[in-house]
Amino acid sequence: QGLSRVSWKLLIAPNSNSSCASRHGSETMSPSHEEFKLKFPVLFEYYYALSRMNREDEKVVNELHQHFGDASVKWPDKQTGGSPGAIADWVVRRIVMWSGSNLTKAKKLCMFKNHPSGKGCLTKACKFDHNCLFCHSSKHGVYELRSDGTYVCDKLRAWDSQLMSFRKSYGDMDEEQWEALARRPRSAQPKANKALTQNSTNGGRAPTKVIRKGFFALEGDSSDSGSSDDKDKNELEAQVAEESDKSSQSSMSPQG
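Residues numbered from 1 in each chain as written. Predicted model: local features only at pLDDT ≥ 70, side-chain atom pairs only at ≥ 80, totals over all residues. Heavy atoms only, no water.

Before going further, it helps to examine the nonpolar core. Formed by 45 residues in total, the largest nonpolar core has its most connected members in Phe-36, Ile-95, Leu-133, Phe-134 and Phe-166. Those elements that provide at least two residues to this core are helix 2 (41-51), helix 3 (55-70), helix 4 (89-99), helix 5 (103-106), helix 6 (154-170) and helix 7 (175-182). By size, the runner-up hydrophobic cluster in this structure holds 5 residues, among which are Cys-110, Cys-121, Cys-126 and Phe-128. (Core = buried A, V, L, I, M, F, W, Y, C linked by side-chain atoms within 4.5 Å. Buried < 20%, exposed > 50% of the residue type's maximum accessible area, 1.4 Å probe, protein only. Helix = DSSP H or I, 4+ residues; strand = E, 2+ residues; numbered from the N terminus.)

Structural data, given as structure tokens:
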């Protein structure tokens, strides 16, 4: 099932101090590309990467959505406190970015380590990779908290801070505007690239060199074999079952 990108609002670092706000008064001028890159580097990094995703990357995103659905992996909505549901699109895209658009690697990220409960993975000898889906650190999950209630992940806290600062100065934007702001303006493109779009030494025909848009270096074919898919799915289902059993005994549900 093909899934389109969700609203940029779902990309906000989810805590009680950063709920989605309406547009601040009248529209204001947005920052330039360079200002956005320098003043809001964490926002820029994500939206630039998002704007560079190509069809191969989107294929991995959709396949990972399908994988989580088949394994019944669900998370509660951190912002609304709603019932557990499908993994949010921004989470899936973060995982794909972490994996370099390698589906096999993407399936190996531990979803309990990054669970919105912030309590981490309870599975002994877990076979999945324990990395933060936001900053990729192996020392914490994205939602783990400090004793003072703030997020352990420096990058997640920076996202919150930069997003609030951006809103205060420029208001809100939709996803296409975020991506357009992160992309380098056409006038700033290197001349070497421009030359490839013009007549070359091939009799005025379109240049034969193809420039791939994709931002990610794909490490292999994103289509896994059936046996590999079954193994990954079974491992994930087994972990879900184990975590559910433990949560019923300790009155804490890793699935929300």
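So, about helix 2. Judged by how many residues are buried, helix 2 sits mostly within the fold: 8 of 11 residues are covered. Burial in helix 2 covers these residues: Val-42, Leu-43, Phe-44, Tyr-46, Tyr-47, Ala-49, Leu-50 and Ser-51. Considering only its buried residues, helix 2 is in contact with helix 1 (33-39), helix 4, helix 6 and helix 7. (Contact = heavy atoms within 4.5 Å.)

The geometry of an aromatic ring pair is captured by the separation of the ring centres together with the interplanar angle, meaning the angle of the planes. Taken as a whole and judged by the stated rule, the model has 17 aromatic pairs. Ring geometry for Phe-36 and Phe-44: centres 6.0 Å apart, planes at 75°, overall edge-to-face. Accessibility assignment for this pair places Phe-36 and Phe-44 in one class, buried. For the pair Tyr-46 and Trp-159, a centre-to-centre distance of 5.8 Å together with 80° between the ring planes defines the contact as edge-to-face. Highlighted residues: Tyr-46 in helix 2 and Trp-159 in helix 6, separated in sequence by 113 residues. The pair Tyr-46 / Trp-159 is uniform in exposure class, with both members buried. Grouping aromatic residues by their ring pairs yields a cluster made of Phe-36, Phe-40, Phe-44, Tyr-46, Tyr-47, Tyr-48, Trp-90, Phe-134, Trp-159, Phe-166, Tyr-170 and Trp-178. The ring of Phe-134 has Arg-94 sitting right over it, with the charged end atom 3.8 Å from the ring centre. (Phe/Tyr/Trp six-rings, centres within 6.5 Å; stacked < 30°, edge-to-face > 60°. Lys NZ or Arg CZ within 6 Å of the ring centre and 35° of its normal.)

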